[in-house]
Amino acid sequence: PASSGPPPFLAAAPGGPCSGTAPPIAAPSGSWHCTMDDEFNGSSLDSSIWSPMTTYGSAYKTGPLLSQVCYVNSPQTISDSGGYLNLSVIATTQSYPCQGTDSTYQANYLGGMVDSLGKFSQEYGFFEARASMPPVDVPGLQETLWLYPEDETLYGPWPDSGEIDYAEFYSKYPNNDVPAVVYPGSGNDPNAQADNCVIPGQSPNGQFHTYALSWTPTSMTTYYDGTACMTDVY
């Protein structure tokens, strides 16, 4: 929580209306106060909050060598309408020369990704998104809802400044949500990752579920449809 005022919750338009219900847990102190919300009811991405993240601008890519995804800003990969933000991965009809800041490679897949770098950031609070993961099994297909530091080199090279993956999905394991907290030494922390965070009889695969994170100065807890999944105390 901030040093003054009530602790915040949620993460998209600053000062805009917050839909849905309050977090399913009590605030660490005082009451929850919404700081950011986006219901994606416009006809295009709200540029005051989000920016398309591209491989060209960041060198970020995912997938194994022969199935790497090149992230581009295109209506085919990023669209906002009717209450949905659609982030798609599409197969190309021919190899696409993907240019990153470090190299150029031939990609067979194009993908969409957005971030709020330089537009919205928050330390501590309750962050929540309702999302549907793709109902397909494609090598290298990985989806993540994450919090990443504004300054990724503040305490040194990755992962020294940390990374919070409050939901992570691999198409090869369609029944699993894999939240993780990444920091120096997290590989030795048994509570820094949960490999099978699901509700019996349900699956992230092709269905909408609510993924959330409660972040306080002493702990992080991830939630799957309102049920606590992983807690790491530090």
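Please refer to the structure placed before this passage.
Keep in mind that what you see is a predicted model, and the values were worked out from it rather than measured. (Residues numbered from 1 in each chain as written. Predicted model: local features only at pLDDT ≥ 70, side-chain atom pairs only at ≥ 80, totals over all residues. Heavy atoms only, no water.)

Trainee: Could you clarify how one ought to interpret the packing of aromatic side chains in this entry?
Mentor: Aromatic rings in a pair are described by how distant their centres are and how their planes are angled relative to each other. Throughout the structure, instances matching the rule amount to ten aromatic pairs. Taking 6.0 Å as the distance between ring centres and 50 degrees as the angle between the ring planes, the aromatic pair formed by Phe126 and Tyr223 counts as tilted. Here Phe126 is found in strand β11 (residues 125-132), whereas its partner Tyr223 is found in strand β16 (residues 219-224), with 97 residues between them in sequence. On the basis of relative accessibility, which here comes to 1%, the residue Phe126 falls in the buried class. Put simply, the rings of Tyr60, Tyr71, Trp146 and Tyr148 touch in pairs and so form one group of aromatic residues. (Phe/Tyr/Trp six-rings, centres within 6.5 Å; stacked < 30°, edge-to-face > 60°. Helix = DSSP H or I, 4+ residues; strand = E, 2+ residues; numbered from the N terminus. Buried < 20%, exposed > 50% of the residue type's maximum accessible area, 1.4 Å probe, protein only.)

Trainee: Mind showing me how you'd approach the nonpolar core here?
Mentor: Grouped burial of nonpolar side chains is what soluble globular proteins tend to show. Leu147, Ile164, Tyr211, Leu213, Trp215 and Met220 are the most contacted members of the largest nonpolar core, which has 18 residues in total. For this core, the secondary structure elements donating two or more residues are β11, β13 (163-170), β15 (208-215) and β16. No other element matches the four residues that β13 contributes to this core. Not counting the four nearest positions on each side in its chain, Trp215 is found in contact with Gln122, Glu123, Tyr124, Gly125, Phe127, Leu147, Ile164, Met220 and Tyr234. (Core = buried A, V, L, I, M, F, W, Y, C linked by side-chain atoms within 4.5 Å. Contact = heavy atoms within 4.5 Å.)

Trainee: Could you clarify how one ought to interpret the sheet that holds strand β14 (residues 180-182) in this entry?
Mentor: Sheets are built from strands paired through backbone hydrogen bonds, the pairs being either parallel or antiparallel. The three strands are arranged β12-β13-β14 in an open sheet whose pairing can be described as antiparallel. Lying at the two open borders of the sheet, with one neighbouring strand each, are β12 (142-147) and β14. The average angle at which neighbouring strand axes cross in this sheet is 30 degrees, direction not considered. Of the pairings in the sheet, the one linking β12 to β13 comprises six bridges and is antiparallel in character. For Trp146, the partnering residue across the bridge sits in β13 and is Asp165. (Pairing = 2+ DSSP bridges. Axes fitted to C-alpha atoms, helices over the stretch in contact; angles between N-to-C directions.)

Trainee: Even after reading the chapter, I still don't get the state of the cysteines, so can you show me in this structure?
Mentor: Working definition of a disulfide: a covalent bond connecting the sulfur atoms of two cysteines. Tallied over the full model, the rule gives two disulfides. Across the disulfide from Cys70 sits Cys98; the S-S distance is 2.0 Å. Every disulfide takes its handedness from the sign of the S-S torsion; for Cys70 and Cys98 that torsion is 80 degrees, giving right-handed. Here the residue Cys70 occupies a position in strand β5 (residues 69-71), and Cys98 occupies one in strand β8 (residues 89-99), the gap between them amounting to 28 residues. Cys98 matches Cys70 in its accessibility class, with the two residues each being buried. The residue that forms a disulfide with Cys197 is Cys229, at a sulfur-sulfur distance of 1.9 Å. Of this pair, Cys197 sits in the loop between β14 and β15 while Cys229 is found in strand β17 (residues 227-233), placing the two residues 32 residues apart along the sequence. (Disulfide = S-S within 2.5 Å.)

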